[in-house]
Amino acid sequence: MRLAVIGAGMAGILSAIKLDEAGLTDFTVYEKADRLGGTWRENTYPGLACDVPSHLYSYSFALTPEWSHRFSPGAEIYGYFERVAREHDVVKYMRFGEEVTACEFTGGRWQIETASGHHDEVDVVIAATGVLHHPRYPDIEGLDSFGGACFHSARWDHGVEIDGKRIGIIGTGSTAVQIVGEVTERVRHLTLFQRTAQWIMPQENPAYTDEEKASFREEPRHLTTLHSNLAEAFGIFANAVVDSSSPEIKMIEDACLANLEDNVRDPELRERLRPTYRAACKRLIISPNFYDAIQQPNAEVVTEHIERVEPAGVRTSDGRLHELDVLVLATGFKANAFMRPMRITGRSGRTLDEAWTPRPIAYLSISVPDFPNFFMLNGPNGPVGNFSLIEVAELQFAYISRLIDRIRAGDCREISASADATETLEAERTKAAEKTVWVTGCKSWYLDDRGIPAVWPWPFERFRTEMREPKLEHFEQR
Ligand SMILES: Cc1cc2nc3c(=O)[nH]c(=O)nc-3n(C[C@H](O)[C@H](O)[C@H](O)COP(=O)(O)OP(=O)(O)OC[C@H]3O[C@@H](n4cnc5c(N)ncnc54)[C@H](O)[C@@H]3O)c2cc1C
């Protein structure tokens with residue numbers, strides 16, 4: 001059996017390690033960039049850190065005693081993935097600088113084309129192309145006319161000096177909050193252009209002491225226990241967000257509210273920073289230092305609407321020109337692009353773009369009807385809330401490997417979710433979404449074009465249970 005994995009981020013590395021372990025060594029990981037790492041290669045902005053604890057944001061089979069902080073910085077996370085890939089000797093499977101442009105199912109196999117003209121023919125494709133991968137640029141008049149440096153947060157230009165400069169940040173998501181926390185003390189002036197205020201969950205980020213790291217090294221079971229305790233604790237959070245009337249969501253709301261009330265001194269600023277929707281309706285932001293930073297004398301929150309960008313800075317609706325040297329677009333990602341713009345053609349000649357009109361849909365976020373032997377990690381409608389996507393990908397991979405085993409054992413040659421099972425589950429999912437906190441009155445990237453959350457709306461335990469064993473009656477096998 002020959003396989004292709006598309007993408008060498010967290011999920012692609014995981015796939016390579018697991019395929020190798022299973023003895024399925026005839027595969028290539030296609031990666032369009034010049035090195036592995038995905039998100040953690042692309043995002044290098046100041047202040048970048050994970051927002052689930054590092055000991056949870058780790059592969060369960062590669063726990064490490066060496067994490068520096070509870071929420072370790074981005075460069076360290078990148079280093080972790082690089083090291084795990086090297087130690088498991090899977091870099092040899094990766095072809096860098098090779099962007100997959102098309103996958104077509106013909107003659108019972110997938111024909112793969114890359115931008116460089118390389119062709120491959122495989123039995124199984126695993127798309128590990130990421131969720132938060134394609135930067136979303138804001139549509140603001142005059143953006144190109146800006147005279148200083150302007151870049152998206154996921155394309156941070158380290159050649160641009162920010163120390164002592166006037167910096168503007170558009171956006172108020174996790175990324176913007178992390179940047180503000182990190183750079184305010186370095187810059188001359190920081191302007192945060194805020195369209196929507198955010199709830200901020202207070203969260204300390206202590207460094208691990210040498211003694212703690214030594215105890216993890218000496219007693220690896222401490223690491224395992226910590227990993228499973230954190231997974232359980234985050235399970236509580238995952239359950240809270242899917243039930244907007246749960247006591248747990250109330251606790252989160254109370255903590256965020258107290259953080260705002262207790263830590264923002266100026267009543268006028270406090271009101272501008274007060275969201276008008278419920279906590280966790282948008283992806284919950286955690287920060288040890290945002291309120292501190294934004295109250296520094298050189299920091300300013302601007303809530304007036306951005307009218308246009310001019311060569312000297314940003315003009316807001318009150319007529320004021322905010323003069324800037326650097327403008328950072330912390331405006332997020334096109335979360336519903338998935339592996340597109342790749343052209344993917346399934347069994348019936350139907351393309352994925354057609355199948356995904358008007359919106360992406362997949363069975364358990366893994367399989368699309370009539371796209372046999374094509375599996376996704378972190379595909380549409382999966383659990384992407386505030387918990388470890390590594391755990392999600394590990395569970396999904398274990399599930400996918402059971403489907404691959406059927407092909408390998410000769411039980412079938414082609415397998416994909418049935419249209420019936422996909423539609424039934426999608427109807428159930430849409431209904432369940434009505435109870436979640438994501439529909440309680442905010443706009444977020446979780447919501448699809450109808451305003452329905454395009455994510456897993458059930459407790460995480462249900463996801464774990466579903467991932468344990470494929471219900472084969474929900475699959476079409478030939
Ligand atoms: C700033 C930021 C912070 C985050 N923090 C957390 C966190 O704390 N906890 C958490 O769980 N998640 C977090 N995430 C989500 C994060 O994206 C995932 O945890 C994880 O890194 C996703 O891994 P992935 O392999 O699925 O995708 P990615 O890391 O996006 O990797 C996808 C790879 O596929 C490659 N690729 C895409 N298309 C093609 C193609 N056509 N051909 C070849 N190669 C292709 C890309 O170049 C990339 O290397 C964060 C995301 C961002 C942006």
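Structure shown above.
What counts and what doesn't
Residues numbered from 1 in each chain as written. Predicted model: local features only at pLDDT ≥ 70, side-chain atom pairs only at ≥ 80, totals over all residues. Heavy atoms only, no water. Pairing = 2+ DSSP bridges. Helix = DSSP H or I, 4+ residues; strand = E, 2+ residues; numbered from the N terminus. Axes fitted to C-alpha atoms, helices over the stretch in contact; angles between N-to-C directions. Contact = heavy atoms within 4.5 Å. Disulfide = S-S within 2.5 Å. Buried < 20%, exposed > 50% of the residue type's maximum accessible area, 1.4 Å probe, protein only.

Caption draft 1: Broad picture of the sheet that holds strand 17 (residues 326-329). Strand order across the open sheet formed by five strands is 8-17-9-10-13, with parallel pairing between neighbours. Unpaired on one side and paired on the other, strand 8 (149-152) and strand 13 (299-302) mark the two borders of the sheet. For this sheet, the mean angle separating the axes of adjacent strands, direction not counted, is 15 degrees. Along the sheet face, helix 4 (residues 174-183) touches strand 9 (166-170), strand 10 (189-193) and strand 17 and points at about 165 degrees away from the line of strand 10.

Caption draft 2: Layout of the state of the cysteines. Summed over the entire model, instances satisfying the criterion amount to one disulfide. Here cysteine 281 pairs with cysteine 442 through a disulfide, and the sulfurs are 2.1 Å apart. Torsion about the S-S bond of the cysteine 281 and cysteine 442 cystine: about -95 degrees, corresponding to left-handed handedness. Here cysteine 442 lies in the loop between helix 12 (419-432) and helix 13 (460-468) and cysteine 281 lies in the loop between helix 8 (267-272) and strand 12 (285-287), a separation of 161 residues in the sequence. Of the two residues examined, cysteine 281 and cysteine 442, each falls in the buried class. No disulfide involves cysteine 103; its sulfur sits 19 Å from that of cysteine 412, the nearest cysteine. For cysteine 103, a relative accessible area of 0% translates into the label buried. Looking at cysteine 256, it has no disulfide partner, and the nearest cysteine sulfur is the one in cysteine 281, 12 Å off. We classify cysteine 256 as buried; its relative accessible area is 0%.

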